[in-house]
Amino acid sequence: MALFKKHKTEPVPPEDTGAHDTSVGTAADVEAVMKKYDRESNTRVWEGLPKLVIRWLMVAFSAYCIIDTVFLSTRQEVRLPMFVGLILLFGFLTFPAKKGDERVNHMPWYDIVLLIAGPGAYFFYAVNAQNVVQMSARVMQNDLYMIIGLIGILALVELCRRCVGLPILCVAGVLLVYTFFNLGGSADFKMTLYQVIRTMFYTFNGIFGGPISVGGPAKVAVISSALCGMVSGSSVGNTVTTGSVTIPMMKKTGYKPEFAGAVEAAASTGGQIMPPIMGAAAFLMAEFTGEPYGTIAMRAILPAVLYFTGIYIAVHLEAKKLGLKGIPREQLPRVRQLLPKIYLLAPLVLLVVMVSTNMYTMAFSAAIAIVAAVAVGLVNNVVEIASKSSNREDFLTFGKIIDALEGGAKGSITVAVACGVAGIISGCITVTGLASKLLSTIVSLSGGHMIIALALTMLCCIVLGMGVPTTANYCIMAATCAPILMDPSIGVTKMAAHFFVFYFGIVADITPPVALAAYAGSAIAKADPMKTGFNATKLAIAAFIVPYIFAFSPQMLFVDVTGAFQVVQICISALLGIFGVAAALNGFLYRPIPALLRVAMAVGGLGMMIPGTATDIAGFVLVVGIVLYQRFSARRAAMV
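Residues numbered from 1 in each chain as written. Predicted model: local features only at pLDDT ≥ 70, side-chain atom pairs only at ≥ 80, totals over all residues. Heavy atoms only, no water.

### Let's talk about the overall build of the protein
Piece 1. Check the secondary structure of the protein and you find 29 helices and zero strands.
Piece 2. A total of 640 residues make up the protein; the buried ones form 51% of that total.
Piece 3. Sequence-distant contacts in the protein: of pairs separated by 6 or more residues, those separated by 24 or more amount to 76%.
Piece 4. Accessible surface computed for the protein: about 27900 Å², of which carbon and sulfur atoms make up 68%. (Helix = DSSP H or I, 4+ residues; strand = E, 2+ residues; numbered from the N terminus. Buried < 20%, exposed > 50% of the residue type's maximum accessible area, 1.4 Å probe, protein only. Contact = heavy atoms within 4.5 Å. Areas by Shrake-Rupley, 256 points an atom, 1.4 Å probe, with all protein chains shown as cover.)

Given below as structure tokens:
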């Protein structure tokens, strides 16, 4: 039987090509791949004076957002339209009407019209905010206000098409049509249209609703911190930044290019689910759920550890399968070399303390953390000078601060635009009472079975996430699908529901056919994008499994646990379980694992990941039994 078939060959050695191909893609290669798949990477080309003017305008915008957050108390009816208007201004300056337009300092007449009319509509609202509030519903009797509102909505939609993509616009379009007919339709076309415009533009049930108002300018503050890893909130940014270092090292060691790119993409994507920062979307989760940020970070610990443990085990087993060796110890960095620089983490620590203790708002905390980052950077300059270091690469210069502020403004455009359209989607659902109809439809389709409702929600998150930034994706799903999952007829707890949509919004970045983080990794590794994407999906399998487990058993999020022993049991069994699943997917332990045993090991691993003594024992017996069998059979084969 194949189950007991002996394998004479143990580790599969890497192909002998004389030397490993350690070449990596250039910045131009990465840019070409991203322009092909990512709308956000297709930007106008500005040179000379126009480039300088736009750069300083963006810097001023970021500075304004920080100042407004820390020192001003501008009313929402003024602050939010002003913010979105500036976003549209920079958006049309940054993104051309179609891909591939690389003409230098060129802006067609219709873009100039949009540049004036689009932001102008929002500035008009900001200036006349008091009149809008006083008129309330009577604003629909003013044709000028309605025309300006329509222009503002259409300009936002067009910019969304340019920098975000069509998936979210398709959803918004269908819901707008539904809202129009639900409110009266052709019976009184003009008044129904005006009612839709007022709701979407002049109230907090549309563009300026939950997604924009929850974070608003704070998104700029978080992004413009210009920090990497857990803070950036960008899977693609993390992949490009750290991948330029790690991918060449992996290729040099002997990993295949598509595997090296996939490892970096999967690990970088996981940065957004790793406490204590978890990317921008986690800050919004605290606002949506009403839970302290410290509680959310604590509940995210075990799922995040399982995610990275799964990747680590997969990498280790791949190395064993290929017979690879690690980097010599003498070439590894020393811990004592890093400790003197530990003070550079002070801004992160400050941010975590401020948001965890609920001392201040998220926006204020983020802004203060940015100021602290600048202060620590200046202190680091003094330390470097005092130590007479010849390395000036880490110096915080005025130019780097300006670059960070400019990058913050650019990075906020796509997120803010997507959040604005997400507000339209949320508004349509609220105004029409569609939420209850969606709930009854999902309950009907799922037959009351939670697993089917979760699967439908997962598909929505992944499909939407293919064209929407993580933050906006979470905002949409938190406002639409999470409440449905939380309904008693389905029965998912509040925290589990929000973590569920949070996770699947993130993994869209490594899920083909539009896996932007994986494609960025493939460009650096000089690998096939689709192969890299599928490898990244396999490596990140924990992100596809764990959300289902904590939806059924919220104890994995440390919800409703009975004591310390249960917490320890859940942690140990889950870690052993992810080992079983990772080994089953890789197909190698001490020797290649036969197909039947791989299935059994996956089942055992899943059993241990599900909280519960019975499933833990059954899974443990399966996983440990197969590991022992593999070990003894490998030894026996070696002696033959």
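### Section: the packing of aromatic side chains
Piece 1. Tallying each qualifying case throughout the model produces 27 aromatic pairs.
Piece 2. Taking 5.4 Å as the distance between ring centres and 85° as the angle between the ring planes, the aromatic pair formed by Phe500 and Tyr548 counts as edge-to-face. Here Phe500 is found in helix H23 (residues 494-506), whereas its partner Tyr548 is found in helix H26 (residues 541-552), with 48 residues between them in sequence.
Piece 3. Three or more aromatic residues link up through ring pairs in this structure, and these residues are Tyr122, Phe124, Tyr125, Tyr145, Phe201, Tyr202 and Phe208. (Phe/Tyr/Trp six-rings, centres within 6.5 Å; stacked < 30°, edge-to-face > 60°.)

### Points about the side chain of Arg299
Piece 1. Inspection of the secondary structure puts Arg299 in helix H14 (residues 293-299).
Piece 2. Notably, Arg299 is buried but unbridged: the nearest opposite-charge side chain belongs to Glu291, and the N-O separation is 5.0 Å.
Piece 3. Those residues in contact with Arg299, other than ones at most four positions away along the chain, are Met495, Phe499, Leu557, Phe558 and Val559. (Lys, Arg positive; Asp, Glu negative; His and termini not counted. Salt bridge = Lys/Arg side-chain N within 4 Å of Asp/Glu carboxyl O.)

### Re a nonpolar patch on the surface
Piece 1. Together, Val335, Leu339, Ile342, Leu345, Val349, Val353, Met359 and Tyr360 make up a nonpolar patch on the protein surface, roughly 770 Å² of accessible area in all.
Piece 2. Structurally, Val335 is set in helix H16 (residues 335-338).
Piece 3. Among the residues examined, Val335 registers a relative accessible area of 60% and is labelled exposed. (Patch = residues over 30% accessible without salt bridge, like charges linked within 9 Å, V, L, I, M, F, W, Y side chains within 5 Å.)

### Details of the environment of Asp487
Piece 1. As for its position among the elements, Asp487 is in the loop between helix H22 (470-486) and H23.
Piece 2. With 48 residues separating them along the chain, Asp487 and Leu439 place their C-alpha atoms 8.1 Å apart.

### Comments concerning the packing of H22 against H23
Piece 1. Two numbers describe how H22 lies on H23: the axes approach to 9 Å, and their chain directions differ by 140°. Along this stretch, H22 crosses H23, giving a crossing that reads as right-handed. Residue-level inspection shows Thr470, Asn473, Tyr474, Met477, Ala478, Ala482, Leu485 and Met486 of H22 in contact with H23, the latter providing Lys494, Ala497, His498, Phe500, Val501, Phe502, Gly505 and Ile506.
Piece 2. Counted by class, the contact of H22 with H23 contains eleven nonpolar, four polar and one charged residues. (Axes fitted to C-alpha atoms, helices over the stretch in contact; angles between N-to-C directions. Left-handed = near helix turned anticlockwise from the far one by under 90°. Nonpolar A, V, L, I, M, F, W, Y, C, P; charged D, E, K, R; others polar.)

### Thoughts on helix H6 (residues 143-163)
Piece 1. The end-to-end C-alpha distance of H6 is 31 Å, a good match for the 30 Å that 21 residues give at a rise of 1.5 Å each.
Piece 2. Downstream of H6 by one or two residues, Gly165 has phi in the positive range, about 130°. (Expected span 1.5 Å × (residues − 1).)

### So, the nonpolar core
Piece 1. In terms of nonpolar packing, the biggest core is built from 169 residues, with Phe499 and Phe502 touching the most fellow members.
Piece 2. Per-element accounting of this core gives the leading share, 13 residues, to helix H19 (residues 398-432).
Piece 3. Leave out the neighbours within four places in its chain, and Phe499 touches Met278, Met285, Ile296, Arg299, Ala300, Phe550 and Leu557.
Piece 4. Ranked by size, the runner-up nonpolar core spans six residues in total, among them Val59, Ile66, Ile402 and Leu405. (Core = buried A, V, L, I, M, F, W, Y, C linked by side-chain atoms within 4.5 Å.)

### Quick word on the pattern of salt bridges
Piece 1. Within this structure, the stated rule accounts for twelve salt bridges.
Piece 2. Taking the shortest distance from any N to any O, the salt bridge between Arg162 and Asp111 comes out at 2.5 Å. Residue Arg162 is located in helix H6, and its partner Asp111 is located in helix H4 (residues 109-127); the two are separated by 51 residues in the primary sequence. Accessibility assignment for this pair places Arg162 and Asp111 in one class, buried.

### Let's talk about the packing of helix H7 (residues 166-182) against H19
Piece 1. Direction vectors running N to C along H7 and H19 enclose 30°, while the axes themselves pass 9 Å from each other. Looking at the two axes, H7 sits roughly parallel to H19. At the point where H7 passes H19, the crossing takes the left-handed sense. Where H7 abuts H19, its residues Ile168, Leu169, Val171, Ala172, Leu175, Leu176, Tyr178, Thr179 and Asn182 lie against Ala418, Val421, Ala422, Ile424, Ile425, Cys428, Ile429 and Thr432.
Piece 2. Grouping the amino acids of the contact of H7 with H19 by side-chain chemistry returns 14 nonpolar, three polar and no charged. (Parallel < 35°, antiparallel > 145°, perpendicular 65-115°, else oblique.)

### A short note on unusual backbone geometry
Piece 1. Even without being a glycine, Asn105 presents a positive backbone phi close to 55°.
Piece 2. Within the secondary structure, Asn105 sits in the loop between helix H3 (76-94) and H4.
Piece 3. Look at Asn105 and you get partly exposed, because its relative accessible area is 34%.
Piece 4. A positive phi angle, close to 60°, is found at Phe558, a residue other than glycine.
Piece 5. Topologically, Phe558 is positioned in the loop between H26 and helix H27 (564-586).

### Structural notes on helix H29 (residues 613-639)
Piece 1. Taking 1.5 Å per residue, 27 residues should reach 39 Å; H29 reaches 39 Å between its end C-alpha atoms and fits that length.
Piece 2. Those residues of H29 that sit buried are Asp616, Gly619, Val623, Ile626, Val627, Gln630, Ser633, Ala634 and Ala637.

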